Every structure is written in C-alpha cells, then in structure tokens.
Amino acid sequence: MKKKVGKLTNRSAFIRSILINISAAAFLFVTLGALYYLNKSADETVEVIRVRDSIYANQVITEENVEKYNMRKSEWNNNQDIILWENKDQCINKYATYFIRGKGYIFEDSYTDTKPAKNPWMSEVDKDKILITLPYNSKEAFGNILTPGDNVRIDIAYDGKEVTDYAEFANVESKAMQETLFDQIKVIDLLNNSGNSIYDYYYDLLQMSIAEREEVLKDTSFLSNVMPASMLLEVDDKQFAQFAKAKKLPGITYTIGLLYREEGSIILDQFKDISREISKSINDHELQTITNTNSNSGSAN
C-alpha cells in the first residue's frame, strides 16, 4: 500500500513540475510577445511635413520650404493635427498664418487659403490710442533696423526765447532748447515718401525666391520704396496733446533713441535678414553711384 501511495506522490510531483514548466514557458512567450509588440510599435513611424528653414507669417509655403520627416507613430497619435506628408498638397502654395521655426511641423492651423494682411500689427492698435507720424531719417537714426513693435525715446530741439533784463532795457534773445517729447513710444510702422508701409515690400520679398529677390534688389525704384521717411507711432490722448503742441515750435528737430528690445521677437526675426539685404543693396547702389560720378568727373578733366 505504501508503494502505491509513493508512486502516486511521485506522479503528482512530476505532473506538477510539468505544469509549472508549461506555465513558465507560456508566461515567457506572452512576455516576449508583448515586448516584441511594444518594440515594433515604438519603431513604427509615419511620414509628416517638416519645414526646412523658418517660415514667416504671410509667407507662401512652397515645395522648397518643406521636407519629409519620419515621426514615431506614438508621438503623432498625440498630435494628429500635424499634416502627413501624403496630404502635403493641402498646405503647398498656401499662406502661413504664423511664424514656424526651422525644423518645426506644419499643423492644420498653420496655413490659410487667403492672403492675410501684410501688416497685421495695425489691427492690434488699441481702440483708445491715436496714430501719428513723425519724420524719420534712416541715415541719422537706425537705418532699416527699426521694426513694428519697437519702442523708442524721442527728444526734440527747437528755437526758444529767453528774456534778459538789463539795467537800461529788456531784451529777448533766441536760445536753443531741448526736451524729451516721449520717454517711451511704440513704433507701429515705417512709411516711405509715398506714405506706404515699407513692410508691404518686405513681405513681398519674403515670398520671392532668392534669384527673384536678387534681381528686385537691383531695382533703384524698389530701393527707394523701402527707404523709410516717417514713423507711424501709437499715442494716448495726453501724448497727442504734447505732439500737437510740439509741432508748433519753431525750428523743431527730432532725435530718436531705440529702447531695449526683447530677444526672440518674431517680427524682428522675420525682417532682420531682409533688412540686411536691403541695406547692403542700398549701400552698393550708393557706392556705385559715387564711383560712376567720380569716373565721369575724371573723364571730363
């Protein structure tokens, strides 16, 4: 009887051992399967649209602006409004609605069919503010450095009068006066001699190819259109009263100082390269004019 019980015990232990091994093998198989699935999912990608270099607000998005980028599908699942490469025709030849930094992605709200206003900052002017213009000489101030959103200080100089009291008679003498007109005032736009925004021309340049841009920047007529002649400023009622009073002063001149500018300004970023190209073209044109004038003078002699 003991022998029989012993055999049954050994058989049960053997069966239990087999079941444990089978369970362990099944668990291992399931674990390996799960790991394989997770790894496969992690490696799975989708093709999305990424911009090569920065695209600015209002700029036309072209084939040359974008590139294909393999993004992890898990990342795209969390940002499904990123445009897939297969749907790139949705955004090509459309207008960017906001600034997109280089290597950024194009989202469903990144573009529009209709051309936005060239100077959208005009619509941001407070309804309680007043716009005024002041003369601006780029050669005496900051060239093409100023942009919408900059803050400046404006001092004025004018011919004042001073009464001197002598023992025998009183006399009125002319005296140069100087004071601060605006401690801090916001630049809304810069206008050319025709009263047009120079940034209309800047935006047009941004939408041209490099070759087209180089040709346009050789055009003296175009260069004259991007030369600022006056500033458009945003003032309140008190500042407007100061401005109106100052305009009546005899022999008034203005001195402009640029105040601290926040780093990473989108407006500045989109215009700084264009400003540099325009300034170079203007300088090259002026240098060429002087050279030609000197050559003609030499020939005459």
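Preceding this section is the structure that the text describes.
All values reported here derive from a predicted model rather than from experimental measurement.

(A) Spotlight on the nonpolar core. By size, the foremost hydrophobic cluster in this structure holds 35 residues, and its most contacted members are Ile154, Phe182, Leu190, Met231, Leu233 and Ile278. Listing elements by their share of this core, those giving two or more residues are β5 (130-135), β6 (151-165), β7 (170-191), α3 (198-206), α5 (220-225), β8 (230-235), α6 (237-246) and α7 (266-300). It is α3 that provides the largest number of residues to this core, a total of 7 residues. Residue contacts for Met231: discarding those within four places in its chain leaves Ile132, Thr133, Leu134, Tyr136, Leu146, Ile154, Val187, Asp189, Leu190 and Ile256.

(B) Layout of the packing of aromatic side chains. Under the definition given, this model contains 4 aromatic pairs. Ring centres 5.9 Å apart and planes at 40° place the aromatic pair Tyr69 and Tyr105 in the tilted group. Taken together, the positions of Tyr69 in strand β2 (residues 66-72) and Tyr105 in the loop between β3 (95-96) and β4 (111-112) put the pair 36 residues apart, joining distant regions of the chain.

(C) Structural view of unusual backbone geometry. Positive phi values are uncommon outside glycine, yet Asn93 reaches one of about 65°. With respect to the helices, strands and loops of the structure, Asn93 is situated in the loop between α2 (73-77) and β3. On the accessibility criterion, Asn93 (55% relative accessible area) is exposed. With a phi angle near 70°, Lys103 is a residue other than glycine that sits in the positive phi range. Along the polypeptide, Lys103 turns up in the loop between β3 and β4.

(D) Quick peek at the pattern of salt bridges. Evaluation of the coordinates by the stated rule reveals 10 salt bridges. One salt bridge in this structure joins Glu67 and Arg50, with 3.0 Å as the shortest N-O distance. With a gap of 17 residues between them, Glu67 in strand β2 and Arg50 in strand β1 (residues 45-51) connect regions that are remote in the sequence. Judged by its relative accessible area of 13%, Glu67 is buried. A salt bridge links Lys129 to Glu234; the shortest N-O distance between them is 3.8 Å. One end of the pair, Lys129, is in the loop between β4 and β5; the other, Glu234, is in strand β8, with 105 residues separating them in the sequence. Via salt bridges that share partners, Arg50, Arg52, Glu67 and Lys103 belong to a single interconnected network.

Definitions and limits used
- Residues numbered from 1 in each chain as written.
- Predicted model: local features only at pLDDT ≥ 70, side-chain atom pairs only at ≥ 80, totals over all residues.
- Heavy atoms only, no water.
- Core = buried A, V, L, I, M, F, W, Y, C linked by side-chain atoms within 4.5 Å.
- Buried < 20%, exposed > 50% of the residue type's maximum accessible area, 1.4 Å probe, protein only.
- Helix = DSSP H or I, 4+ residues; strand = E, 2+ residues; numbered from the N terminus.
- Contact = heavy atoms within 4.5 Å.
- Phe/Tyr/Trp six-rings, centres within 6.5 Å; stacked < 30°, edge-to-face > 60°.
- Salt bridge = Lys/Arg side-chain N within 4 Å of Asp/Glu carboxyl O.

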